[in-house]
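# Architecture at a glance
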Amino acid sequence: MGVCEQYKSAGQDQLFEHFESLEKNEQQTLLDNLEKVANRVSPEKLVSDCKKAIQLAEENSKAGSHIQPLPSSSYESIIDNPEAETRYFNKGVESLERSEVGVILLAGGQGTRLGSSAPKGCYDIGLPSGKSLFQIQAERIYRLQKLVGKNCKIPWYIMTSEPTRNATEQFFQENNYFGLNHGDITFFNQGTLPAFDLKGEKLLLGSPTSLVQSPDGNGGLYRAIKENNLVDDFNKRGIKHLYMYCVDNVLSLVADPTFIGYAIEHKFELATKAVRKRDAHESVGLIATKDKRPCVIEYSEISKELAEATDNQGLLKLRAANIVNHYYSVNLLERELDNWCDNMSYHIAKKKIPIYNNKTGEFEKPETPNGIKLEQFIFDVFPTIPMEKFGCLEVQRSKEFSPLKNGPGSANDNPETSRTAYLKLGTSWLRSAGAVIDDNILVEVSSATTYKGENLSQFKGYKFDKNNSYVE
Ligand code: UTP
């Protein structure tokens, strides 16, 4: 079947309404572009995946499954638990000494809410040093390699997408890979998927010769690992453990030895970090169990009673807020990747999608959602993990999580909150090291100097005032 017929027999005749008005070379470009998409996923499958995603959304909204907190064997907190933290940290360091730890960064999102045209990782959150998120994260890797010593190498795998790839790579080149060894950094792309109209029936054009396409969601990670043969690379380098995190968390402890050690000690194959839910009605996804399997549930999926229920310590029963920060064993990926790629479902996201209208010949920029993007969710694989192989580590929000989602001046999770969280943490480390800092002063501490507060004894007794806001 020719490419035109493939789309037409999947009910997509609308894509060709302007075909006769195109120049010959444009007609060919449109067909080539459509063929590229069809080679990845057939139009028929796309349409049926979208239908299934709409059904799934309807089912989820009615879901009343048996949701419970994780069992204590799969849930531990390092808040106020320094012994466990140190033990896990030391265990993680042993593995880092053998260069068994790799880092995966999710940086394929388009950051639409933030509203910057550059990739999120390039964003300057207004620190005194002017450092970008990428630089801070690169410096954490640099510093941890030094801290561990013994020629520890921490390879960094950066997932980008068609919209973020070039700008990201260029930013790293221009900044000389932030002092890291270029050979230890791998960029790889996640896939993209076409978008549908709001009914989920018709594919949308982004130009006279191409479909609208967008990254296939953070769950596209698994297919991207598979298609880029990364497991071979992990094996070649002797990597056994993976730390996965999101680009937009300025506090992420990249390659965190404590988290790695936690997973190693308990022989977990997949683990996730969580922070404590702020209050019963904070709108975050929660790590829990559904029908006795690990899962992430949306806040909208649980009843008010369950959201407010407390345990015998007076803490919320369901309090493990999801921060999309995972541990994977390479063994697990070797075993399950194909299965995940074949079976993960899609979710719908209703978005404002700029389109080309081939009836009027106009480009349209809608004010309200006009279409559906299909996305996979990274946590949809959780239920495939047996409970005894799944762990969740509760960490302190102020030390590990401050996401950058929204633009300057918005209510929360914006450049100001990210900057303040980063500065407050650095300032608290300096105080613990014996520096004297006025109450109203916040100091930036370079991530190349300290990983999590160590190596700052030179500031003992040092007085900080408003003229010194950054220390190397
Ligand atoms: P978000 O889901 O917050 O999306 O991503 P986003 O693209 O950053 O922002 P919005 O929703 O368009 O405003 C959380 C993390 O997942 C990554 C992002 O780069 C970020 O690190 N992500 C998201 C991907 O890598 N690929 C995707 O397709 C989606």
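Given the structure is predicted, the values throughout are model-derived calculations rather than measurements.

Cut-offs and rules
- Residues numbered from 1 in each chain as written.
- Predicted model: local features only at pLDDT ≥ 70, side-chain atom pairs only at ≥ 80, totals over all residues.
- Heavy atoms only, no water.
- Phe/Tyr/Trp six-rings, centres within 6.5 Å; stacked < 30°, edge-to-face > 60°.
- Buried < 20%, exposed > 50% of the residue type's maximum accessible area, 1.4 Å probe, protein only.
- Lys NZ or Arg CZ within 6 Å of the ring centre and 35° of its normal.
- Core = buried A, V, L, I, M, F, W, Y, C linked by side-chain atoms within 4.5 Å.
- Near = heavy atom within 4 Å.
- Polar contact = N/O pair within 3.5 Å; in protein donor to acceptor, adjacent residues only side chain to side chain.
- Areas by Shrake-Rupley, 256 points an atom, 1.4 Å probe, with all protein chains shown as cover.
- Nonpolar A, V, L, I, M, F, W, Y, C, P; charged D, E, K, R; others polar.

Moving on to the packing of aromatic side chains. In the structure shown here, the tally under the stated rule is 21 aromatic pairs. Between F172 and Y177 the ring centres are 6.4 Å apart and the planes differ by 50°, which places this aromatic pair in the tilted class. With respect to class, F172 is no different from Y177; both count as buried. On the basis of an interplanar angle of 85° and a centroid distance of 5.2 Å, the ring pair of F172 and F178 is categorised as edge-to-face. Site record: aromatic cluster; members linked through ring pairs are F134, W156, F171, F172, Y177, F178 and F187. Above the face of the Y88 ring, R87 is positioned so that its terminal group lies 4.9 Å from the ring centre.

This part is about the nonpolar core. F134, W156 and F172 are the most contacted members of the largest nonpolar core, which totals 56 residues. In this structure, L333, F379, V381 and M387 belong to the second largest nonpolar core, which totals 40 residues.

Glancing now at the site of the ligand. Residues in close proximity to the ligand total 18 residues, the closest being L106, T112, K120, Q190 and K405. Take T112: an N or O atom from its side chain is 2.5 Å from an oxygen atom of the ligand. Separating a nitrogen atom of the ligand from a side-chain N or O atom of Q190 is a distance of 2.7 Å. Alone, the ligand offers 560 Å² of accessible surface; in the complex the protein occludes 86% of this. By residue class, the composition of the shell around the ligand is six nonpolar, eight polar and four charged.

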